Amino acid sequence: MILDSPLITGSIIVSGSMQIEGQPAGTMPSASYVETAQTASYITASNIDGLPPSDPFPYTGSADILGSLNVTGSVEFGYLENIATVWSSGGALITSRHSLAGAGTQNAALAAGGYSDSSPYWLSCTEEYDGSSWTAGGALSTARYNLAGAGTQNAGLVFGGCTYINPSYTTWSCTEEYNGTSWSAGGSLITPNTELAGAGTQDAGLSIGGTYPQGNYLSCTEEYDGSTWSSGGALSQERSVLSGAGTQNAGLVFGGYAPSPIQTVACTEEYNGSSWATVNALINPRQRMAGAGTQNAALAAGGLTPYYNATPYTEEYTAVAPEFKKTFDYSSTTGELNLSGGLVTTGSVEFGYFEDVAAAWSSGGAVITARRELAGAGTQNAGLAFGGRTSTLVSCTEEYNGSSFSAGGALSTARCGLGGAGTQDAGLAFGGNESLSESTCTEEYNGTSWSAGGALINAAGNLAGVGTQDAGLAFGGKTPNGAIDSCTEEYNGTSWSAGGSLINDMKELAGAGTQNAGLAFGGIEGYFCSCTEEYNGSTWSAGGALSIARTALGGAGTQNAGLAFGGYAPPVSISTCTEEYDGLSWSSGVALITERLYHAGAGTQNAALAISGLSLGFTPTAYTEEFTGASNRATKSFDYSSTTGNTMIVPPTSDPGVAGALWNNAGTLAISAG
């Protein structure tokens, strides 16, 4: 393995064969994504987040590869530069003209009508462009200029325009449709119009603006949503008789006539749906051209030059392929950086490896009131501790934020040995030992105060509880007559109902999980108990036994990922023992820092809380401990930026002789000379 579990963020483009396989997170199916190109490299990964199931490679979003990454080819690192669009000369029109209509695409365009410098001045001729040259098409029925166009080469549309017979102009409303060979009459404009703009298709055309009093040069942009116009971003260069192409969110304008000083311009601007940006100018400044195509593949045909001559010029606006700048390569064959192809990155990429982080208990914030036989709920960073006793029964509630406890609303009934479930803002307290007897009392917490809930069917103390405020589970405990109980009850948010009985009578036990997937372990039944039982929502069944039998222990987690810690174990000692459950058996974990029993537990197997309880000397302790399970922690080795082409080695180096670096799975940094 060359890279062990790197975290890759940013965009990647695969120039080669890349296969990512394994079961990704989320809803993505277990499948492989393969992109094949000329240069081969092979990458295998598992546990992938961020890749939509419908998107094949090249993938241009971002992805986290959370598993392991094997490189068995060569990987090329580089960045792309000189991304631009430029105008280049295309085939000249057969007939020089200006004020003509355009339609279609860069490689299949249509130019119709217009005005020439010689008689007949207004034209009916049509020309078709194939990407390199113009050929004659069917003539318009009505010769005219200052007309507008829309549609495609084989489904074109022209409308409006004018002619001039001294001493007056004729403005036209006629519309014509082109089928690739000839023009035929279409529905007339409502209002005769000239010097207008056109957009859309032959069957869904749009006529915009038209003649207005001269002397006005505008920069305003308006956007149409099918019914109304709204203001868009202003052009950088105000002008008139300009030409355009593209769509509403990817528009292009070029040429025109501008003021200050009054001149014909070559200025080109691109629109992103909100603002215009100046890009490469036309080769030849012109106005009154035909425009066609898209933002990245446009066509400018004909027009008036700065000397007011009709021209046959055609220019094509085309995106130039970005140039790839190589920075360094890595070969998995030799383990060195070398010169061979493979994976090209076009985003910011962070490389690193994962190191093992051992499970451990650490000190957390102390409770305000040290006590024993309290209950807990919630998570490691949003915990809840309530009830218990010092020298007397207490009703206090405390909330944990991941670092310290603060006072919450007090229980209505002070008690110890109670059960707890739910979250910090939706807690559940039930049963317990009141001053003279075991209790049926249930209370619900809303994050501020406790209110009465439905009473338990059977009074019990020193019981266990799991689940949520609306789906709680209470089991085991001691009855008012002193008997140890196997009773199980289920809470629906309003009332308790009988559930399946435990196999073993137990009190001072611990629990984990949910109402329909509960876990009961430890406790006492005349002796210290190591038994574990699993609940499926109706009955309990035997699970794997604890390694150390004990009572008055703490618990957290789920049925298949449980945690047991502390407690009272033979031969009559307070324990620091921690065990982890995998759904079948318990295994030894990292011991608590401080021995304790009759403490509260909360959280998960990998993020648990052990709160208060009795320490050595059987004295209530305020001490809180936080458990963090074993994990793999990402350690950054270096970052690569495709924007600048720079590689940052971690730890940083300013050595000009270093061209690149890569960590192997042992965390060793391999550096190639510059």
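Residues numbered from 1 in each chain as written. Predicted model: local features only at pLDDT ≥ 70, side-chain atom pairs only at ≥ 80, totals over all residues. Heavy atoms only, no water.

Visitor: Talk me through the overall build of the protein; I want residue IDs and the actual numbers.
Guide: The helix and strand inventory of the protein stands at zero helices and 65 strands. Sorting the 674 residues of the protein into buried and exposed places 49% on the buried side. (Helix = DSSP H or I, 4+ residues; strand = E, 2+ residues; numbered from the N terminus. Buried < 20%, exposed > 50% of the residue type's maximum accessible area, 1.4 Å probe, protein only.)

Visitor: Could you give an account of the nonpolar core, naming the residues involved and the relevant values?
Guide: Judged by nonpolar contacts, Ala464, Val466, Leu473, Phe475, Leu502, Met506, Leu509, Ala520, Cys529, Cys531, Tyr535 and Trp540 together constitute the single largest core of 12 residues. When neighbours within four sequence positions are excluded, Cys529 is seen to be in contact with Met506, Gly522, Gly523, Ile524, Leu546, Ala549 and Arg550. (Core = buried A, V, L, I, M, F, W, Y, C linked by side-chain atoms within 4.5 Å. Contact = heavy atoms within 4.5 Å.)

Visitor: I'd like to hear about the sheet that holds strand β54 (residues 562-565), residue by residue, with values.
Guide: Ordered by their spatial adjacency, four strands build an open sheet running β53-β54-β57-β58, and the pairing between neighbours is antiparallel. Across the chains shown, the open sheet's two edge strands, defined by having one partner strand only, are β53 (554-557) and β58 (586-588). Averaged over all pairs of adjacent strands, the angle between strand axes in this sheet comes to 25°, irrespective of strand direction. (Pairing = 2+ DSSP bridges. Axes fitted to C-alpha atoms, helices over the stretch in contact; angles between N-to-C directions.)

Visitor: Could you give an account of the pattern of salt bridges, naming the residues involved and the relevant values?
Guide: Taken as a whole and judged by the stated rule, the model has 12 salt bridges. The salt bridge involving Arg372 is made with Glu373; its shortest N-O contact spans 2.9 Å. We note that Arg372, like Glu373, is buried. Several salt bridges converge on common partners, so that one network encompasses Arg372, Glu373 and Arg389. (Salt bridge = Lys/Arg side-chain N within 4 Å of Asp/Glu carboxyl O.)

Visitor: Give a description of the side chain of Glu533 that names residues and reports values.
Guide: Locating Glu533 in the fold gives a position in strand β51 (residues 532-535). Although Glu533 is buried, it makes no salt bridge; Arg550 carries the closest opposite charge, 16 Å away. Looking at Glu533, its side chain comes within polar contact range of the main-chain nitrogen of Asn504, at 3.0 Å. Here Glu533 is in contact with Leu502, Ile503, Asn504, Met506, Gly518, Leu519, Ala520, Trp540, Ser541 and Gly543, once residues within four sequence places are set aside. (Lys, Arg positive; Asp, Glu negative; His and termini not counted. Polar contact = N/O pair within 3.5 Å; in protein donor to acceptor, adjacent residues only side chain to side chain.)

Visitor: Can you break down the sheet that holds strand β48 (residues 496-498) residue by residue, with the values?
Guide: Sheet strands line up and pair through hydrogen bonds in the backbone, either parallel or antiparallel. Taken together, the four strands give an open sheet; going across it, the order is β45-β46-β47-β48, and neighbouring strands pair in antiparallel fashion. Among the strands making up the open sheet, the edge pair consists of β45 (464-467) and β48. Along the sheet, successive strands turn relative to each other by an average axial angle of 25°, direction set aside. Bridge count for strand β46 (residues 472-475) against strand β47 (residues 488-491) is four bridges, and the pairing is antiparallel. Bridged to Gly472 within β47 is Tyr491.

Visitor: With reference to specific residues and values, describe the side chain of Glu444.
Guide: One can find Glu444 in strand β43 (residues 442-445). The buried charged residue Glu444 lacks any salt bridge partner; its closest oppositely charged side chain belongs to Arg415, at an N-O distance of 11 Å. Once residues lying within four places of it in the same chain are set aside, the contact partners of Glu444 are Gly427, Leu428, Ser449, Trp450, Ser451, Gly453, Gln469, Tyr491 and Gly493.

Visitor: I'd like to hear about the packing of aromatic side chains, residue by residue, with values.
Guide: Taken as a whole and assessed by the stated rule, the structure comprises 22 aromatic pairs. Ring geometry for Trp87 against Phe254: centres 5.1 Å apart, planes inclined by 65°, an arrangement best described as edge-to-face. With Trp87 in strand β9 (residues 84-89) and Phe254 in strand β25 (residues 250-254), this pair connects stretches of sequence that are 167 residues apart. Classification of Phe254 by relative accessible area gives buried; the value is 0%. Members of the aromatic cluster, connected to one another through ring pairs, are Trp87, Phe254 and Tyr317. (Phe/Tyr/Trp six-rings, centres within 6.5 Å; stacked < 30°, edge-to-face > 60°.)

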